[in-house]
Amino acid sequence: MQFLQQPETWVALAFVLFIGVIGYVGAHKKIIEALDHRSARIKAELDEARRLRDEAERLLAEYQRKQDEAEREANAIIAEARAEAERVAAEARGKMEEFVARRTRLAEAKIGQAEAQALADVKAAAADAAVAAAEKILRETAKGKVADDLVAQGIADVKAKLN
């Protein structure tokens, strides 16, 4: 009985007795139950985390798709704006060329009218000078009623032919 006097024996006996009491009370069931409950809670949290990760991946893919779509739309708008700007520039260029051509034709027409008017003025001045000269010559050389009739007839003929 010497082993009863050793402290290790009493510690071992107390430990076995403690384990027996815990087993009798059912503490091991409560510990297993708590561990099972904790395991289920961790599993639920992991499932929730997976679900949230899947949802986040889905949202990320959707936002990337929307971003790609927005970039394509922006590129299309830019291309359309460039085409519109080129069309407007070409239209403005065409209108400018048409305006310059119209103004050139108008200026040429005015120059032509001025030339015609100047020519008519020169002809009229020449006719008036010729009439005056003819009248003077005929007055000096012809006298009387015959001279006056000849002068009047000649003046009328010259005016009719030159104008």
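Note that the structure is a prediction, hence the values are computed from the model and not measured.

### What to know about the overall build of the chain
Consideration 1: Helix and strand counts for the chain stand at three helices and zero strands.
Consideration 2: Mapped in sequence order, the helices and strands of the chain form the string α-α-α.
Consideration 3: Taking 15 Å as the expected radius of gyration for a compact globule of 163 residues, we find that the chain reaches 62 Å, considerably beyond that expectation.
Consideration 4: Split into buried and exposed, the 163 residues of the chain put 4% on the buried side.
Consideration 5: Total accessible area on the chain stands at roughly 14100 Å², and carbon and sulfur atoms take up 62% of it.
Consideration 6: If the 27 positive side-chain charges of the chain are averaged to one point and the 29 negative ones to another, these points end up 3 Å apart.

### Examining the pattern of salt bridges
Consideration 1: Taken as a whole and judged by the stated rule, the model has 12 salt bridges.
Consideration 2: Where Asp54 meets Arg53, a salt bridge forms, and the shortest distance between an N and an O atom there is 3.8 Å.
Consideration 3: Looking at Asp54, the relative accessible area reads 41%, which means it is partly exposed.
Consideration 4: Under the relative-accessibility criterion, Arg53 is labelled partly exposed at 48%.

### With respect to a nonpolar patch on the surface
Consideration 1: Taken together, the side chains of Phe15, Val16, Phe18 and Ile19 present a nonpolar region at the surface, about 430 Å² in accessible area.
Consideration 2: With respect to the helices and strands, Phe15 occurs in helix α1 (residues 7–25).
Consideration 3: The exposed category is assigned to Phe15, whose relative accessible area is 52%.

### Brief notes about α1
Given 3.6 residues per turn, any residue in an α-helix points the same way as the ones three and four places further on.
Consideration 1: Between its first and last C-alpha, α1 extends 27 Å over 19 residues, near the 27 Å set by a 1.5 Å rise per residue.
Consideration 2: After α1 finishes, the residue Gly26 shows a positive phi value of roughly 95°.

### Concerning the environment of Arg87
Consideration 1: Considering the arrangement of structural elements, one finds Arg87 in helix α2 (residues 27–141).
Consideration 2: What makes Arg87 partly exposed here is its relative accessible area of 42%.
Consideration 3: Reaching out from Arg87, the side chain makes a polar contact with the side chain of Glu84 at a distance of 2.4 Å.

Criteria and cut-off values
Residues numbered from 1 in each chain as written. Predicted model: local features only at pLDDT ≥ 70, side-chain atom pairs only at ≥ 80, totals over all residues. Heavy atoms only, no water. Helix = DSSP H or I, 4+ residues; strand = E, 2+ residues; numbered from the N terminus. Rg over C-alpha atoms; globule rule 2.2 N^0.38 Å. Buried < 20%, exposed > 50% of the residue type's maximum accessible area, 1.4 Å probe, protein only. Areas by Shrake-Rupley, 256 points an atom, 1.4 Å probe, with all protein chains shown as cover. Lys, Arg positive; Asp, Glu negative; His and termini not counted. Charge placed at Lys NZ, Arg CZ, Asp CG, Glu CD. Salt bridge = Lys/Arg side-chain N within 4 Å of Asp/Glu carboxyl O. Patch = residues over 30% accessible without salt bridge, like charges linked within 9 Å, V, L, I, M, F, W, Y side chains within 5 Å. Expected span 1.5 Å × (residues − 1). Polar contact = N/O pair within 3.5 Å; in protein donor to acceptor, adjacent residues only side chain to side chain.

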